[in-house]
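Observations on the three-dimensional arrangement
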Amino acid sequence: MSTRLDSAQPYALGLFRIVIGLLFAVHGVASLFGVLGGAAGTEGGTVAAGTWPGWYAAVIQLVAGGLVLLGLGTRGAALIASGSMAYAYFDVHQRAALWPIQNGGELPALFCWGFLLLVFTGSGAFGLDRLVGRRTAAAGGSAAERAPVAAA
């Protein structure tokens, strides 16, 4: 059973990346364009352009979420996304209470750890990183340099 599950790992990771990237990008779209209910606390509105930290967070959500969704530059985009969610949790949510269940910070905490996982695992299956990697390998790079590290 373990062998069969291990063989499906890249596909499960790819689906995880697609879902988390899509959900993150949708937050950015809602905040920047006022669709899908708009930015939190604006009753369907948008975050004012250039305001700190809301507008910058929305841009990070849209861009990094889109890159993660596509699997393009996944590790770098996931690192930026994870850092932005760590900032959101510690600067915004933890002021209200210690535990995420008390301060409404479950979503930033989950996004932070989910993106941090992608930093270490890479894009998995279905990502554009693999296409770029194949072209690099054909040009002389080694596939071992891009392969995710897995415990034996």
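What counts, and where the lines are drawn
Residues numbered from 1 in each chain as written. Predicted model: local features only at pLDDT ≥ 70, side-chain atom pairs only at ≥ 80, totals over all residues. Heavy atoms only, no water. Salt bridge = Lys/Arg side-chain N within 4 Å of Asp/Glu carboxyl O. Buried < 20%, exposed > 50% of the residue type's maximum accessible area, 1.4 Å probe, protein only. Helix = DSSP H or I, 4+ residues; strand = E, 2+ residues; numbered from the N terminus. Expected span 1.5 Å × (residues − 1). Arc of directions from axis to C-beta. Contact = heavy atoms within 4.5 Å. Axes fitted to C-alpha atoms, helices over the stretch in contact; angles between N-to-C directions. Left-handed = near helix turned anticlockwise from the far one by under 90°. Nonpolar A, V, L, I, M, F, W, Y, C, P; charged D, E, K, R; others polar. Phe/Tyr/Trp six-rings, centres within 6.5 Å; stacked < 30°, edge-to-face > 60°. Parallel < 35°, antiparallel > 145°, perpendicular 65-115°, else oblique.

What follows concerns the pattern of salt bridges. Any two side chains of opposite charge can pair, so long as their charged atoms come close to each other. Counting across every chain of the model gives one salt bridge. Across the pair D91 and R95 runs a salt bridge, and its minimum N-O distance is 3.0 Å. Here R95 falls in the exposed class, since its relative accessible area comes to 65%.

So, on to helix α4 (residues 74-93). Structural remark: α-helix, 3.6 residues per turn; residues separated by three or four positions point the same way. With 20 residues, α4 extends 26 Å between its outermost C-alpha atoms, agreeing within 8% with the 28 Å of an ideal straight helix rising 1.5 Å per residue. Among the residues of α4, T74, A77, A78, A81, S82, S84, M85, A88, Y89 and H93 are the ones counted as buried. Taken down its axis, α4 places every buried residue within 165 degrees of arc, on the same side. α4 presents L79, I80 and F90 as exposed residues on the side facing more than 90 degrees away from its buried surface. Summarising the contacts, the buried residues of α4 are in contact with α2 (9-33), α3 (54-70), α5 (100-103), α6 (106-121) and α7 (128-138).

What follows concerns the packing of α3 against α4. Running from N to C, α3 and α4 point in directions that differ by 145 degrees, and their axes come no closer than 8 Å. By crossing handedness, the relation of α3 to α4 is classed as left-handed. Each of I60, Q61, A64, L67 and V68 in α3 lies in contact with α4, whose residues at this interface are T74, A77, A78, I80, A81, S84 and M85. Taken together, the residues that form the contact of α3 with α4 break down as nine nonpolar, three polar and no charged.

All chains considered together, the criterion is met by eight aromatic pairs. Ring centres of Y89 and F90 lie 5.2 Å apart, and the angle between their planes is 85 degrees; this geometry places the pair in the edge-to-face category. Given the relative accessible area of 9%, Y89 is considered buried. Connected via pairs of aromatic rings, a cluster forms that spans W52, W55, Y56 and Y87.

Turning our eyes to something else, we now look at the packing of α2 against α6. Where α2 meets α6, the closest approach of the two axes is 11 Å, and the angle between their N-to-C directions is 135 degrees. The angle between the axes of α2 and α6 places the two elements in the oblique class. Crossing handedness for the pair α2 and α6: left-handed. On α6, the residues touching L13, F16, R17, I20, L23, F24 and H27 of α2 are L107, F111, G114, F115, L117, L118 and T121. Residue composition of the contact of α2 with α6, grouped by class: ten nonpolar, three polar and one charged.

As far as function goes, none of this settles anything; it's purely spatial.
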